[in-house]
Amino acid sequence: MIASSPDNARNIFSIISNGMIAVWISGAMIPLDGQAGASNSAYPTIFQQDKPTVSGKQVTPLTTLITEALQNNPEIQASLREREAAKQRISPAEALDDPMLEAGVINAPLASSPFNREDMTMKMIGLSQRFPFPGKRGLRKEVASKDAEAISYGCQETVNRVVRDLRIAYFDLGLIVEMTRLVEKNKLILEHFLQIAEGRYQVGEGSQADVLKAQTQVSRMLDELLRLARERPMIEAELIRALGRSTYAGELIPESLPMHQTSLNLESLRERAMTQRPQLLALQSLTARNKKAVELVQKEYYPDFDVRLSYGQRDRMLDNTSRPDMVSLTVAVNLPIWRNSKIEPRIAESQAMYHQALDLYQVQTNEIVAKLRQQGATAEQNLKSVQLYQTTILPQARLTVESALAAYRVNRVDFLTLLDSQMTVFNYEINLATAIANYNKALAEIDLLTGKTPDELVPPH
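In this report, the structure presented in the accompanying data block is examined. (Residues numbered from 1 in each chain as written. Predicted model: local features only at pLDDT ≥ 70, side-chain atom pairs only at ≥ 80, totals over all residues. Heavy atoms only, no water.)

Bringing the overall build of the protein into the picture now. Helix and strand counts for the protein come out as 12 helices and 6 strands. In the protein, which comprises 461 residues, the proportion classed as buried is 43%. Approximately 23,600 Å² of the protein is accessible, and the part contributed by carbon and sulfur atoms is 53%. (Helix = DSSP H or I, 4+ residues; strand = E, 2+ residues; numbered from the N terminus. Buried < 20%, exposed > 50% of the residue type's maximum accessible area, 1.4 Å probe, protein only. Areas by Shrake-Rupley, 256 points an atom, 1.4 Å probe, with all protein chains shown as cover.)

A contiguous nonpolar surface patch, about 730 Å² in accessible area, is contributed by Leu101, Ile125, Leu127, Leu309, Tyr311, Val327 and Leu329. Of all the secondary structure elements, the ones that give two or more residues to the nonpolar patch are β3 (122-131), β5 (305-313) and β6 (326-333). Along the chain, the position of Leu101 falls in strand β2 (residues 100-106). (Patch = residues over 30% accessible without salt bridge, like charges linked within 9 Å, V, L, I, M, F, W, Y side chains within 5 Å. Salt bridge = Lys/Arg side-chain N within 4 Å of Asp/Glu carboxyl O.)

This paragraph deals with helix α6 (residues 136-202). For α6, spanning 67 residues, the distance from its first C-alpha to its last is 98 Å, which sits close to the expected 99 Å at 1.5 Å a residue. The first or second residue beyond α6 is Gly204, which carries a positive phi of 85°. (Expected span 1.5 Å × (residues − 1).)

Turning to the pairing of β3, a few remarks are in order. Sheet analysis places β2 next to β3, joined by 7 bridges and oriented antiparallel. Looking at β3, one finds that Ala103 is bridged to Ile125. (Pairing = 2+ DSSP bridges.)

Turning next to the packing of α6 against helix α7 (residues 208-243). α7 packs onto α6 with a crossing angle of 165° between their chain directions and a minimal axis gap of 8 Å. Viewed along their axes, α6 and α7 adopt a mutual orientation that is roughly antiparallel. In the packing of α6 onto α7, the handedness of the crossing is left-handed. Considered class by class, the residues forming the contact of α6 with α7 number 24 nonpolar, 5 polar and 14 charged. (Axes fitted to C-alpha atoms, helices over the stretch in contact; angles between N-to-C directions. Parallel < 35°, antiparallel > 145°, perpendicular 65-115°, else oblique. Left-handed = near helix turned anticlockwise from the far one by under 90°. Nonpolar A, V, L, I, M, F, W, Y, C, P; charged D, E, K, R; others polar.)

All chains considered together, the criterion is met by 28 salt bridges. We note a salt bridge from Lys187 to Glu191, for which the minimum N-O separation is 2.7 Å. Taken together, the residues span about one helical turn, with Lys187 and Glu191 both in helix α6 at a distance of 4 residues. A salt bridge links Glu429 to Arg398; the nearest nitrogen and oxygen atoms lie 3.2 Å apart. With a gap of 31 residues between them, Glu429 in helix α11 (residues 415-449) and Arg398 in helix α10 (residues 339-409) connect regions that are remote in the sequence. Accessibility expressed as a relative area gives 4% for Arg398, which makes it buried.

This part takes up the side chain of Glu429. Residue Glu429 is classed as buried on the basis of its relative accessible area of 1%. At 3.2 Å, the side chain of Glu429 forms a polar contact with the side chain of Arg398. (Polar contact = N/O pair within 3.5 Å; in protein donor to acceptor, adjacent residues only side chain to side chain.)

A few words on the nonpolar core. Ranked by size, the top nonpolar core spans 69 residues in total, and within it Leu166, Phe193 and Phe415 carry the most contacts. Only α3 (62-72), α6, α7, α8 (266-276), α10 and α11 provide two or more residues apiece to this core. Listed in part, the 6 residues of the second largest apolar core include Ala93, Ala144, Ala148 and Ile151. (Core = buried A, V, L, I, M, F, W, Y, C linked by side-chain atoms within 4.5 Å.)

One non-glycine residue, Asn411, adopts positive backbone phi at about 60°. Along the chain, Asn411 turns up in the loop between α10 and α11.

Next up on the list: the environment of Glu255. Assignment of secondary structure puts Glu255 in the loop between β4 (253-254) and α8. Looking at Glu255, the relative accessible area reads 18%, which means it is buried. Residues Glu255 and Thr60, 195 residues apart in the sequence, show an inter-C-alpha distance of 6.2 Å.

Structure (structure tokens):
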């Protein structure tokens, strides 16, 4: 019987194990505001922090990519087809076995072939049907229904996981784009410093070492751009996989929108995960399925019934005496006598699988709670870092650069101090961008852990 086979349960265990966050963040990066720069700076084009723009290139919203992945990702499509197949197994699980039709001749003597020589010779046609012991068909249907329910939750887990992977790749790509922008901006600033150092060296007010230091930092920025260019195809490859594309045409530009802060309450997240995470719901369905499977196997102690109805047609005798036709009705039952070698081992197997499902549920519950703590702490720490960089560290560091630049012009500080101050600003900006990306990725993980569906992630219009 398909519905009660232990292989189905093992397949669902595999689906669930392979299928392993709280406000929508549609962009990977936030623009670096310019609240730190002095309004009367002599170099507003250098120190003014504008929102990143991509000239002549169309940005691709994350929502568009999620929609594409839901439609085209082969892993999602395969899980949807498996869900449909599981639904189609419910009705056959409850159905009766096919009836048996038989026809032949009975009681024909070997000495002669005619049908009118022996009184009991007749042509027979019969129909038989097996009827399971009461309760077996219902249990088979319940087992198949719970199978389908578990697979359906596993399908939703697959969808959520693919969306999580897509969001993380999108945020990683956004980080690469933002870091590239910051490196290019810093390169322009260093080149400006290089021009200043060269001008002062030409008039005898600076040293050649200052020029060489500036050139070295410019070369370092060029090397950083090459590194980022190498990393970008690897992240784009992950996007291709999540989107279900076989090829990648054109350049994908992620959105760059302000980050929206959200409060994360660990207890609320835990409660939602316990009630909404498809992985846990699938294990609950699997536990219920295995419990019903135990009851079904226990029903094997009771026999099934074979009902047979046959009709026999008899010809007239040689003396033309008519003979009435005959009807037979029989009932047969199987004898479940091989209990120790057949039934009891199957009951023990079903009970073991039931307890295995309970243990797996507890394992996954503990793992989800632990990951929620980890990702919640990661999100909170990165959020605090973002706020600290935006409100305190970067404004102070930018003012330090402006002050150092003005002091360098009048020989009050050396060039190395100016250069170090600018590189410090650059490193802080990279740290800020990284913290924002990590915050968004932590939220993506939390959304997966708490069972948020793609529909819940789409912001209201």
